[in-house]
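Residues per chain, in single letters:
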Amino acid sequence: MKILYLITSTRGHGQGGHAMSLKTISETMVAIGDVCILCIGVLPLAIFRQSNVKTEYIFYNGKKTINVIRDILHKINEVKPDIIHSFDTRALFFARIAALRYRLPLVHTKAGGPNPTRWYPFAKTLICFSKENYDYFRAQPKFRKTALHLIPNRAVEPPEDPARVAEVRALAKGAPVLMRIARIGNTYAESFRQTIRLSNELTNRGARHALVLVGVVEDQPVLEELKKMAQGLEVHFLTDSHFTLNAAELVPAADLVVGTGRSIQEAASKGKVLLTPLAGSAMPVLVNKENVEALMVTNFSPRNVLIDYSEQQTIAMIAELTNDSLKRKEYSHFSKKFFIDHFDIRSALPRYEAIYRVASFSMGCWIGDLLHGLITTVRAFDYDRRQRDTTS
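Counting restarts for each chain: residues are numbered from 1 in the order of the written sequence. Thresholds applied to this predicted model are a pLDDT of at least 70 for local features of residues and 80 or more for the giving and counting of side-chain atom pairs; totals over whole chains, interfaces and linings are not thresholded and use all residues. Water and hydrogen atoms play no part in the side-chain values, which are based on all heavy atoms of the structure.

Participant: Sorry, what's going on with the overall build of the protein here?
Facilitator: Helix and strand labels come from DSSP, where a helix needs a run of H or I of at least four residues and a strand needs a run of E of at least two; each type is numbered from the N terminus. Secondary structure assignment for the protein yields 14 helices and 13 strands. The globule rule is 2.2 Å times the number of residues to the power 0.38, and the radius of gyration it is compared with is taken over C-alpha atoms. The C-alpha radius of gyration of the protein comes to 21 Å, within 12% of the 21 Å expected for a compact globule of 392 residues. Overall, the protein is about 65 × 45 × 40 Å in size when its C-alpha atoms are taken along their principal axes. Throughout, a contact is declared for two residues whenever any of their heavy atoms are within 4.5 Å. Put simply, of all contacts in the protein between residues at least 6 apart along the chain, 67% involve residues at least 24 apart. Throughout, the Shrake-Rupley method with a 1.4 Å probe supplies accessible areas, and for residues the shown protein chains are the sole cover considered. As displayed, the protein offers around 17,100 Å² of accessible surface, 52% of which is attributable to carbon and sulfur atoms. Charged side chains of the protein number 51 positive and 38 negative; the gap between the two group centres comes to 7 Å. Counted charges follow a simple rule, with Lys and Arg positive, Asp and Glu negative, and His plus the chain ends left uncounted. The atom standing in for a charge is NZ when the residue is Lys, CZ when it is Arg, CG when it is Asp and CD when it is Glu.

Participant: Looking at this structure, how should I read the packing of helix H2 (residues 65–79) against helix H3 (residues 89–102)?
Facilitator: Helices that pack against each other are described as a pair by the angle of their axes relative to one another and the distance between those axes. Angles here are taken between N-to-C directions and fall from 0 to 180 degrees, while the axes themselves are lines fitted to C-alpha atoms, restricted in helices to the stretch in contact. Between H2 and H3, the least distance of the axes is 10 Å, while the angle of their chain directions is 55 degrees. The orientation of H2 with respect to H3, classified from their angle, is oblique. The interaxial crossing formed by H2 with H3 has right-handed handedness. Touching Ile 69, Ile 72, Leu 73, Ile 76 and Asn 77 of H2 are Phe 93, Phe 94, Ile 97, Ala 98, Arg 101 and Tyr 102, all from H3. In what follows, roughly perpendicular refers to angles from 65 to 115 degrees, roughly parallel to angles under 35, roughly antiparallel to angles over 145, and oblique to any angle outside these ranges. Handedness of a crossing follows from how the near helix is turned relative to the far one, being left-handed for an anticlockwise turn of less than a right angle and right-handed for a clockwise one.

Participant: For this particular structure, what's the right way to read the packing of aromatic side chains?
Facilitator: Two numbers describe a pair of aromatic rings. These are the distance of the centres and the angle of the planes. Geometry of aromatic contacts follows a simple scheme: Phe, Tyr and Trp rings, the Trp one being its six-membered ring, pair when their centres are within 6.5 Å, and the pair is stacked under 30 degrees between planes, edge-to-face over 60, tilted otherwise. Taken as a whole and assessed by the stated rule, the structure comprises 14 aromatic pairs. Both rings, one in Phe 338 and one in Phe 343, keep their centres 5.1 Å apart while their planes meet at 85 degrees; by these two values the pair is edge-to-face. Like Phe 338, the residue Phe 343 is buried in the burial classification. Within the aromatic cluster, the residues linked to one another by ring pairs are Tyr 120, Phe 122, Tyr 136, Phe 137 and Phe 143. A ring is scored as having a charge over it whenever the NZ atom of a lysine or the CZ atom of an arginine sits within 6 Å of its centre and within 35 degrees of its normal. When the ring centre of Phe 381 is taken as reference, the NZ or CZ atom of Arg 90 above it lies at 5.9 Å. Positioned above the aromatic ring of Phe 192, the side-chain terminus of Arg 180 is 5.7 Å from the ring centre. Note on exposure labels: buried denotes an accessible area under 20% of the residue type's maximum, exposed denotes more than 50%, and partly exposed covers the range between, all computed with a 1.4 Å probe on protein chains only.

Participant: Please explain the nonpolar core as it appears in this structure.
Facilitator: Within soluble globular proteins, side chains that are nonpolar tend to cluster in buried spots. Here the nonpolar core consists of buried residues drawn from Ala, Val, Leu, Ile, Met, Phe, Trp, Tyr and Cys, with membership extended through side-chain atoms lying within 4.5 Å. Counting residues in hydrophobic clusters, the biggest one holds 61 residues, and the most contacted among them are Leu 275, Val 287 and Phe 300. Sequence-distant contacts of Leu 275, that is, excluding residues within four places in its chain, are made with Leu 178, Leu 198, Leu 256, Val 257, Val 258, Gly 259, Ile 264, Pro 284, Val 285, Leu 286, Val 287 and Ile 318. Counting residues in each nonpolar core, the second largest holds 29 residues, with Ile 25, Phe 48, Val 53 and Ile 127 among its members.

Participant: How should I be thinking about the sheet that holds strand E10 (residues 235–238) in this particular structure?
Facilitator: Through backbone hydrogen bonds, the strands of a sheet pair up, either in parallel or in antiparallel fashion. A pair of strands is considered paired only if DSSP assigns at least 2 bridges between the two. Ordered by their spatial adjacency, six strands build an open sheet running E10-E9-E8-E11-E12-E13, and the pairing between neighbours is mixed. Pairing within the sheet leaves two strands with one partner each, and these edge strands are E10 and strand E13 (285–286).

Participant: Can you help me understand helix H7 (residues 220–229) in this one?
Facilitator: An α-helix turns once every 3.6 residues. As a result, residues three or four positions apart point the same way. Listed in full, the buried residues belonging to H7 are Val 222, Leu 223 and Leu 226. Here the buried residues of H7 occupy an arc of 100 degrees about the axis, which is enough to place them on one side. Of the exposed residues in H7, the ones pointing more than 90 degrees away from its buried face are Pro 221 and Lys 228. In this fold, the buried residues of H7 make contact with helix H6 (189–204) and E10. This arc is taken over the directions from the axis of the helix to the C-beta atoms.

Participant: It is not clear to me how the pattern of salt bridges should be interpreted in this structure. Could you clarify?
Facilitator: Pairs may arise between side chains of opposite charge once their charged atoms sit close together. Just to be clear on terms, a salt bridge is a Lys or Arg side-chain nitrogen sitting within 4 Å of an Asp or Glu carboxyl oxygen. Summed over the entire model, instances satisfying the criterion amount to 24 salt bridges. A salt bridge links Lys 54 to Glu 56, with the nearest nitrogen and oxygen atoms 3.5 Å apart. Exposure remark for Glu 56: the relative accessible area of 18% places this residue in the buried category. Put simply, Lys 327 and Glu 320 hold a salt bridge, and the shortest N to O gap is 3.9 Å. For Lys 327, a relative accessible area of 33% gives the class partly exposed. Members of the salt-bridge network, linked through shared partners, are Lys 54, Glu 56, Lys 75 and Glu 78.

So this is what it looks like as structure tokens:
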């Protein structure tokens, strides 16, 4: 079986969790077939450079779309896949054209994020990472004939980079490390704010720790705001590619991790204390046996909501875990088991193989989705090009 994965990249898209999820999934699928990744966009994705999966790249910045489509079709004809699997809606536009041209089965993944507010392209086979998205599509008439699948599993225990881990530990000077890894921009700005507020509260309670914030800078004003907000704290902003590339390899340096989506899964695989943002709250919440099912619904995202929640009680528990290494060791049993039961991609391998085996070619919603896909894709890349021109 030959599987071709499609993903797009722009300045602010294609460098986050869904790209890392594709890397993990594609590397796992090597066990059942011949796998290739095709990246389309303004730059090849750096995280695929260290992958054992063959990766192709086609440049596209919103111009000469017809020529780019021809290049994509030519590349797909070279690969001759049995199935195409797209990982974002822009990639789905190109994948739909290729599937139509070569009459290939098409699978699409909605890789987390909020539910669509307006249009979302049809896919005959649709995989969702979160129950929130799964329930949404199941209720939409447009998707009543779609084969819907809920597969949150998309992570493996990340490897450790001992040298970089030692660098982070040295920065902490023996103190427990509170870590947040995410792109530094508007999307995750509030989760960074919540993490900084928590660090300030822990400091006021005498819970010694080092705050380590890691991420690619997408928005310089957001970074400056966070630095100003964190003044007076023992904080380290790690924004250089030395730390941000394959940043999950830094997780072993942490004791407590504020995570969303796959980042919390990777932290769980290492047995770390798990924290996640909470909508309407000043600080993140501690993930535990009582609230984990509710937080899974929204994919451990900034949209997390808890009905019965005491912020002061949560902070007290987090402070206790920060101060007590034995308590953290006890907690690690919960987080490791949680990862194995719900998020290890290896346990989902049979499900992916079954989906690929039964997926078939479909003409469903071609015209409307093709036109809408063309307009939104060209606009997105054109906007990104103009933004790059402005900042360069």
